[in-house]
Amino acid sequence: MSGQLSRFCLAGALLGMTLGLSTVVSARGEAGQATAEIRRTSFGVPHIRAQDERGLGYGIGYAYAQDNLCLLANEIVTVNGQRSRFFGPQQVTVEQRENRASDLFFAWLNTPQAVSGFWQAQTPQVQQLVEGYVAGYNRALAERKEKGLPEQCAGEWVRPITALDLVKLTRRLLVEGGVGQFAEALAGAQPPQATAHASGSASSFAIAAARQQRFALERGSNALAIGSERSFNGRGMLLANPHFPWLGGMRFYQMHLTIPGKLDVMGAALPGLPMINIGFSQHLAWTHTVDTSKHFTLYRLQLDPKDPTRYVVDGKSVAMTQQTVTVDVKQADGQVRPVSRVVYGSQFGPIVQWPGKLDWDSRFAYSLRDANLENDRVLAQWYAMNRAVTLKDLQDAVHRIQGIPWVNTLAVDDQGQSLYMNVSVVPNVDVGKLARCSDPKAGQRMIVLDGSRSECEWNLDAKAVQKGIYAADKLPQLLRRDYVQNSNDSAWMVNPSQPLSGYSPVVSQHDLPLGLRARFALDRLGQLAKSGPVTVTDLQSMVMDDRVYLADQVMPDLLAFCSGQLGPDASDLVEICSRLKRWDRTASLDSGVGFVHFQHIMQALQTVPGIWRVAFDPKDPQHTPRGLAIENPPVAEALRQAMRVSMEKVMAAGLPANSQWRDVQVASSGDHRIPIHGGPAELGIYNAIQSVPGKNGQREVVSGTSYLQVVTFDGNGPKAQGLLAFSLSSDPASPYSVDQTQAFSKRQWSVLPFTEQQIKADPHYQAMTIREGQQAGRVATQ
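Residues numbered from 1 in each chain as written. Predicted model: local features only at pLDDT ≥ 70, side-chain atom pairs only at ≥ 80, totals over all residues. Heavy atoms only, no water.

(A) Structural view of the pattern of salt bridges. One pass over the structure, following the stated rule, counts 35 salt bridges. Put simply, D482 and R480 hold a salt bridge, and the shortest N to O gap is 2.7 Å. For the pair D482 and R480, one class covers both residues: buried. Between D546 and R747 there is a salt bridge, and its shortest N-O distance comes to 2.7 Å. Residue D546 is found in the loop between helix 14 (536–544) and helix 15 (549–563), and its partner R747 is found in the loop between helix 19 (739–745) and strand 29 (750–751); the two are separated by 201 residues along the sequence. (Salt bridge = Lys/Arg side-chain N within 4 Å of Asp/Glu carboxyl O. Buried < 20%, exposed > 50% of the residue type's maximum accessible area, 1.4 Å probe, protein only. Helix = DSSP H or I, 4+ residues; strand = E, 2+ residues; numbered from the N terminus.)

In structure tokens:
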């Protein structure tokens, strides 16, 4: 009885705390009289100006809801763990995760205590931005409801939001590089005797495994920061080419934010964030690339042989924590009933169970510690970067706050400096601790530490802003006047003239093969060095040329194979050889069907041992591995088989011999089918585009090149060109849903208006002023 009473009291206290916090947020919203001016230019890009943070947030939330109301409403349902309640447990999220597993995960992640603690840790400026965003979004929602909600979100699940909803969205973003990849494994983890009740099917884990493999591809990026020694005008130049999902909660939004005398920044932001993630200001430009650092470690727990819910640390048996999470689930009869699940945990974090990978049996279980679960600094971090005036300001802000979750930062300034920082939230596990505590059989893709010894806890550094992570000055950084670059590789070859090595593998590894996009970038920079200074056109061409770098490494051998003795099935292979020979070695819209064959062949050969004629050489990482060892009989046979299978696939897809890439890869919005150039990152295509099988043999784009910007400077400030490849709005009925996608398809960059003169001179300029408390639907326009 006393235990039940204690739980009841605790629940009541938490409810009171949450209600109290909501009341404070609501009261602040009612007390404010925010005003924002929203000017839109070509492609509907909003330039939002206000006198303070609340007003700025008000304008951002209003503009965002005009363009992406249904998207944000759907994500709010997701992070509140309510998908099963509204859509049923068997439906899936945008990420193809079953609703029940998603809901259990977010019920665990976004507890009232965690959400409240995150909110209270924010600076007043950040809180005002968030509160303003909430008020602006809710105003736009009210106006849209009067006209009728869009078809895709005309349901009871669309509601006004709160500041706590945006906190939950932010916490979801934080764990994308860690425990967020283990949602099924966390939701389904149960003691051995209860495994029959574990949620998650074999198919759901197969999808989760594929999603893990795609994480770096779908959230990858290219970045190139050119300094004064290589720039055409002696000032900094930045190419930002993030590869992010074209759908869902990681879909960028383009905007320009101004508080006169305090803030003037333009770029792109993720849903629900009232600040710029990647962008530029008067003297600076910066971008991010997903890093290779580890942001979590697993701990293998030695279980008490008497009880699989107890584990042994330093010889002492310790009980696992048990957190009951409850989600509402719509039943087959339409009734909604609560479903509860116990999430087990250790001192290191939640227990995760992945059949065949991380099994919970009578001997061992696995616990996951995610460093970003304690990162409540991420919003303050980006806002400080938005307000930085000099490159040193930006660097100092990253060092002081250390809130960047799982990305590198590359930046330039108008003085010609280029900067690389791998300063994110990384577990402090040095080489010695790895040697003593890690499981060598697990390798270094996922670090597995010994949970039976307290000495295997993460190290502490007094300089670090968070317990158990590396201090900023211990992480890779490089400031140069020629260039720094990154395409989701380690810090090692950011600039080959100054290799970065000597770090724990948890931070960065060296002497490993470079990704093909990085090799392409270094190769192109080497070519440009021979022709003179780097120009804006040079940076744009790196993306828009759609060069397939891997083809340069292997096509001579493929064609040599085709010109040789093809064996008894030569007649079947002659046609595919002809198509390969005619292919222009790009992923352009007019590239022939040979490109489709090349993808099939290289994908099949990836699992064949010994395919490279020249193996990887750590002394020459820019040029190895290369060539196909076609003289090796197993490689030749694998190549012959891959060719036969590719012909069968192309015929089954109904692609005639004269097909072009424009006929295959498309982006869809409503009735629009827009051909998209670019292709798989693993082929060394800088313009990385990931697509999945669709209808009629086509492939539908799901991620890849998203927000593009090339920024240079002159004596008056930034000169920027860019595109948002999937367009500003996710509403098919919006005039801004396909316009930039069509421009991207045609390789047409646009000038990004930054000054007042540029904004007002835009041929599509329109302006409106919104005031808090004003009747919904009434706005001042110009």
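From this point, the discussion proceeds with the structure in view.
(B) Here's a closer look at empty space enclosed by the protein. Going through the model one piece at a time under the given rule, you end up with five cavities of 30 Å³ or more. Its volume calculated, the second largest cavity comes out at about 110 Å³. Every residue lining the second largest cavity is counted, 13 residues in all, and those nearest its centre are F244, L270, H288, W382 and V407. The residue makeup of the lining of the second largest cavity, split by class, is 10 nonpolar, three polar and no charged. (1 Å grid on protein atoms, 1.4 Å probe; cavity = no way out; pocket = protein on both sides within 12 Å on 5 of 7 lines; lining within 4 Å. Points joined across faces, edges and corners; volume = space filled by probe spheres on them. Nonpolar A, V, L, I, M, F, W, Y, C, P; charged D, E, K, R; others polar.)

(C) The arrangement of unusual backbone geometry in detail. Residue T624 is joined to P625 through a cis peptide bond whose omega torsion reads 0 degrees. Position of P625 relative to the elements: it lies in the loop between strand 21 (612–614) and strand 22 (626–628). Unlike most non-glycine residues, F43 shows phi in positive territory, near 65 degrees. Even without glycine at this site, Q402 takes up a positive phi of about 50 degrees. Among the secondary structure elements, Q402 is positioned in the loop between helix 11 (391–401) and strand 16 (407–413).

(D) Representation of the pairing of strand 25 (residues 689–693). With five bridges joining them, strand 25 and strand 26 (residues 699–705) adopt antiparallel strand pairing. If you follow P693 over to strand 26, its bridge partner there is R699. Linking strand 25 back to strand 26 in an antiparallel pair, the connection comprises five residues, with N696 at a positive phi of about 55 degrees. (Pairing = 2+ DSSP bridges.)

(E) Here's a closer look at the packing of aromatic side chains. If you walk through the whole model with that rule in mind, you get 18 aromatic pairs. On the numbers, 6.4 Å between centres and 70 degrees between planes, the contact of F520 with Y549 is edge-to-face. In this pair, F520 sits in helix 13 (residues 516–531) while Y549 sits in helix 15, placing the two residues 29 residues apart along the sequence. The class of F520 is buried, set by a relative accessible area of 3%. An aromatic cluster is defined as three or more aromatic residues linked by ring pairs; in this entry it consists of W583, F595, F598 and W661. Looking at R300, its charged tip hangs above the ring of F364, at a distance of 4.4 Å from the centre. Residue placement shows R369 over the ring face of W458; its charged tip is 3.8 Å from the ring centre. (Phe/Tyr/Trp six-rings, centres within 6.5 Å; stacked < 30°, edge-to-face > 60°. Lys NZ or Arg CZ within 6 Å of the ring centre and 35° of its normal.)

(F) Highlighting the environment of L56. Along the chain, L56 falls in helix 2 (residues 53–79). Residues L56 and P274 lie 218 residues apart in sequence; the distance between their C-alpha atoms is 8.1 Å. Ignoring sequence-local partners within four residues, the contact set of L56 consists of I48, A50, L129, L257, T258, I259 and L263. (Contact = heavy atoms within 4.5 Å.)

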